[in-house]
Amino acid sequence: MKEIWIPELISSLLLFLFLIRPLVKGLWPLEGLAWFPLLAFGILAAVFPAYGFRPECVPLLANQGIFALASLGPLLGRVRRRDVLRKRGLSPVLFKSAVLGILTAFALFFAPLVFRENEDPVRLAAARNEAKDQDYTLYIYESPGSSAPKKPLLFLIPPDTGSVKAVDRLCAALRDRGFSVLSYQRRGFSSPANFLAWLQSFRWGRVFKKANRLGRDLEEKRREDIEFLLPHIRQNNLFLVPGADPESLILAGWDSGGAALTYLADAAADVSYAAGRTGRIVGNGVRGIVVVESRFWSLWKEEERQNFPVPPGADWFLKGKTLALNWLRGLFPLRIKGLGTLPRPRFPILYLASDWAFSLKPAEGDYAAAYALLRGSANPAAIASFSGAGPLDYTDYPVDYPLYPSLFPGRGRKGFLSGDFTGKTADLIANFSALLLQNTGTPLPKAARQGREKDLYVETWSWNLPDPGYILNP
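The shown structure was predicted, so the numbers you read here are calculated from the model rather than taken from an experiment. (Residues numbered from 1 in each chain as written. Predicted model: local features only at pLDDT ≥ 70, side-chain atom pairs only at ≥ 80, totals over all residues. Heavy atoms only, no water.)

*Asks:* What is the right way to read the layout of surface pockets from this model?
*Replies:* Roughly 990 Å³ of internal volume is contained in the largest pocket. Lining the largest pocket are 36 residues, and of these Gly162, Lys165, Ala166, Tyr397 and Tyr401 lie nearest its centre. The leading source of residues in the lining of the largest pocket is helix H8 (residues 192–204), at four residues. When grouped by side-chain class, the residues that make up the lining of the largest pocket number 21 nonpolar, six polar and nine charged. (1 Å grid on protein atoms, 1.4 Å probe; cavity = no way out; pocket = protein on both sides within 12 Å on 5 of 7 lines; lining within 4 Å. Points joined across faces, edges and corners; volume = space filled by probe spheres on them. Helix = DSSP H or I, 4+ residues; strand = E, 2+ residues; numbered from the N terminus. Nonpolar A, V, L, I, M, F, W, Y, C, P; charged D, E, K, R; others polar.)

*Asks:* Even after reading the chapter, I still don't get the packing of aromatic side chains, so can you show me in this structure?
*Replies:* Two measures describe an aromatic ring pair: the distance that separates the ring centres and the angle between the ring planes. This model, assessed by the stated rule, comprises 21 aromatic pairs. The interplanar angle of 90° and the centroid separation of 4.9 Å between the aromatic rings of Phe109 and Phe110 together place this pair among those described as edge-to-face. By relative accessible area, which is 39% here, Phe109 ends up partly exposed. Grouped by ring-pair contacts, the aromatic residues Phe106, Phe109, Phe110 and Phe416 constitute a single cluster. Taking NZ or CZ as reference, Arg222 lies 3.8 Å from the ring centre of Phe189, over its face. A cation over a ring is seen here: Arg295 above Tyr367, with NZ or CZ 4.6 Å from the ring centre. (Phe/Tyr/Trp six-rings, centres within 6.5 Å; stacked < 30°, edge-to-face > 60°. Buried < 20%, exposed > 50% of the residue type's maximum accessible area, 1.4 Å probe, protein only. Lys NZ or Arg CZ within 6 Å of the ring centre and 35° of its normal.)

*Asks:* Can you help me understand empty space enclosed by the protein in this one?
*Replies:* With a probe scaled to a water molecule rolled over the atoms, the places where space remains empty come into view. According to the stated counting rule, one finds three cavities of 30 Å³ or more in the structure shown. One number sums up the size of the largest cavity: a volume of about 130 Å³. Together, 16 residues line the largest cavity, and Trp198, Asp255, Glu293, Arg295 and Trp297 are the ones closest to its centre. Along the lines of polarity and charge, the residues of the lining of the largest cavity split into seven nonpolar, four polar and five charged. In this structure, the second largest cavity spans a volume of roughly 50 Å³. For the lining of the second largest cavity, the elements supplying multiple residues, two or more each, are helix H9 (209–235) and strand S5 (244–254). Looking at side-chain class alone, the lining of the second largest cavity contains four nonpolar, two polar and one charged residues.

*Asks:* Help me understand the nonpolar core, please; the structure alone is not making it clear to me.
*Replies:* The nonpolar side chains of a soluble globular protein tend to be buried with one another. Judged by nonpolar contacts, the single largest core of 49 residues is most densely connected at Leu138, Phe155, Leu182, Phe296 and Tyr351. Among all residues touching Phe155, those that are not within four sequence positions of it are Leu182, Tyr184, Leu229, Leu230, Ile233, Leu249, Ile250, Leu251 and Ala252. Formed by 34 residues, the second largest nonpolar core is a distinct cluster that contains Trp254, Val290, Phe386 and Leu436. (Core = buried A, V, L, I, M, F, W, Y, C linked by side-chain atoms within 4.5 Å. Contact = heavy atoms within 4.5 Å.)

Below is the structure:
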């Protein structure tokens, strides 16, 4: 039995006994049952401070709360007469019990697979961008022991949803495969407003200008993070990650972070950074880039509203008609009309996507920008996906919050739950990195999985590295 099931089942059992009391004469004398709705609500509410926010418990908590509020009147008025119990019919009791059973089953089914967090200590460090008034907490995953030989450094820009907590297990898995991993959390980024912005851009960013703008704003914020943090890491490498080789640097970014990395890795990208110096943020020491589920919102061209001009010398009727037509046109949202100029990344790039990227017409759908960018790359580029993987499956969500990935399923998924992709994702990143670090003198990352992964789809462009079909066993 999963640990979280215990309070959930106790809460539902208490409320169930309260609900069936009118049907069981033996329970009529038990006046204390009137307190059970309040007790059921209190037990379930305690799950949240004990286990963190549990989305699968929210519907059940709302149900328990309704009965808890409804029970306050009889409790305060001390209404406990048996005739009140007799008036409650069979149908309402069965209906309420059925709703309780459905909500309880929902909470139990989408409970986390395990509650074992990354048990190895994670070092924390603080960084502050005074110019932007932004505070960062750096998370450093590095195995203890001698710093020689130096390990490859993997700088990971976390997902827009959940920040570094959404990839904690993955960072630990990458550390176990021979990386020094550095990720971060930006104060205020994981706000409800940014989550709604991500959700709107994810759903409609390729269709409507407003939703696309929300995605662009997230990409700009991640670009600010990278422009500050990469120079900061280089300048403080010996303090932050003493066991890492800054000349063997792999960059990985989720969502808007992956897009921002790609823009900064453009061959034409020269930007100002670090006290007025000019150069390339994504430059020295970088061996390759891993981009995960980025939609590249800034690459899409936006439609501009074209209003009807008022003809010179027009009478009042024509002016009014023109203004009315322009007003009506303004009621319709502006749309996205195609791709603009694409960057040309100066490094090998691996794009991890849901298996929807290998659907019948992927280049015309949500992954059109990714396909166009990868096809135009002059350096090795690949897109890869596991069968059944959805957009959130390259994070810790399938284990920690199974409900979220079930809302964004992969095309080939069988059932509601996607399973744990953490090990597969870490293997894929580790082995892609090993292909890029073969001649650097840095110890190569290792993957636990041997042999070819039968459910892995890979498509490449400009590929001059070893066979990508065996990317899980380089």
